[in-house]
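As a plain string of letters, each chain reads:
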Amino acid sequence: YSRRQQALDRAQQRADTAEQQARDLQRDSTLRIIDDRIAFLERRLEHFLWPLVLCMRKDDAIWQRVPGLYDDGSQLPTEAGVLVESTVLLPNHKHAVKIIEQNFHLVATEDSLIGPMVQYIRHVAVFCSLREAGSDLNPIDVNEPFPPDFSGLLQDHLDRSRKELTDLKQRR
């Protein structure tokens, strides 16, 4: 081996080492990005989507039984309906609004949720105000209806977030 060949071999080894280090850095960077996204999706699901979807499911399961909110013959007696509205529905709505207010940052970039969330908050504010004022009117009677398919929209975002989380964990 000549000195020249040895120098070329050392230069090649340094180049190979530098290339490997660059690949390692790229891999580590990609893994950090994936890990950050996984952590974000886990927070979004845990603190926003799961709790809010549960509130909407609870509301969907109960509101049609309250007289004055729905009329298909399966409503509770009026007194019981008033009690369910004041002790279950309204606190559930207030809890949902609290979830939105405290965790809005987790969905702030989801344009398709912003309008319906604002409409929902208005709906709840009007609903609570009407009841506190002793009115039998409902939010829809004063042009503040429940946002169309809000529950379905939240469920769609939950499903998409769960799918993305699963895909990212598999890539990890």
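Overview of the structure. These figures come from a predicted structure and were not determined experimentally.

What counts, and at which threshold
Residues numbered from 1 in each chain as written. Predicted model: local features only at pLDDT ≥ 70, side-chain atom pairs only at ≥ 80, totals over all residues. Heavy atoms only, no water. Helix = DSSP H or I, 4+ residues; strand = E, 2+ residues; numbered from the N terminus. Rg over C-alpha atoms; globule rule 2.2 N^0.38 Å. Areas by Shrake-Rupley, 256 points an atom, 1.4 Å probe, with all protein chains shown as cover. Lys, Arg positive; Asp, Glu negative; His and termini not counted. Charge placed at Lys NZ, Arg CZ, Asp CG, Glu CD. Axes fitted to C-alpha atoms, helices over the stretch in contact; angles between N-to-C directions. Parallel < 35°, antiparallel > 145°, perpendicular 65-115°, else oblique. Left-handed = near helix turned anticlockwise from the far one by under 90°. Contact = heavy atoms within 4.5 Å. Nonpolar A, V, L, I, M, F, W, Y, C, P; charged D, E, K, R; others polar. Core = buried A, V, L, I, M, F, W, Y, C linked by side-chain atoms within 4.5 Å. Buried < 20%, exposed > 50% of the residue type's maximum accessible area, 1.4 Å probe, protein only.

## Considerations on the overall build of the protein chain
In step 1: For the protein chain, the count of helices and strands is four helices and zero strands.
In step 2: Relative to the compact-globule value of 16 Å for 172 residues, the protein chain shows a C-alpha radius of gyration of 27 Å, a clear excess of over 25%.
In step 3: A total accessible area of about 11,000 Å² is found for the protein chain, and carbon and sulfur atoms account for 53% of it.
In step 4: Where the 23 positive side-chain charges of the protein chain centre and where its 27 negative ones centre are 13 Å apart.

## A short note on the packing of helix H3 (residues 111–132) against helix H4 (residues 150–171)
In step 1: Here H3 crosses H4 at 140 degrees, and the two axes come no closer than 11 Å. As the angle between them shows, H3 and H4 are arranged oblique. Once H3 is placed against H4, the crossing between them reads as left-handed. Between H3, through Ser112, Leu113, Pro116, Met117 and Tyr120, and H4, the contact on the second element is made entirely by Phe150, Leu153, Leu154 and His157.
In step 2: Here the contact of H3 with H4 is composed, by residue class, of seven nonpolar, two polar and no charged.

## Some remarks on the nonpolar core
In step 1: One finds Phe48, Leu52, Met56, Tyr120 and Leu154 to be the most contacted residues of the largest nonpolar core, which totals 29 residues.
In step 2: With 11 residues, the top contributor of residues to this core is helix H1 (residues 3–62).
In step 3: Discounting chain neighbours no more than four positions away, the residues touching Leu52 are Ala96, Ile99, Ile100 and Leu154.

## A word on unusual backbone geometry
In step 1: Even without being glycine, Asn143 reaches a positive phi, approximately 65 degrees.
In step 2: You can see Asn143 is positioned in the loop between H3 and H4.
In step 3: Asn143 sits in the exposed class, given a relative accessible area of 62%.
In step 4: Positioned with a positive phi, Asp149 is a non-glycine residue whose angle comes to about 50 degrees.
In step 5: Note that Asp149 resides in the loop between H3 and H4.

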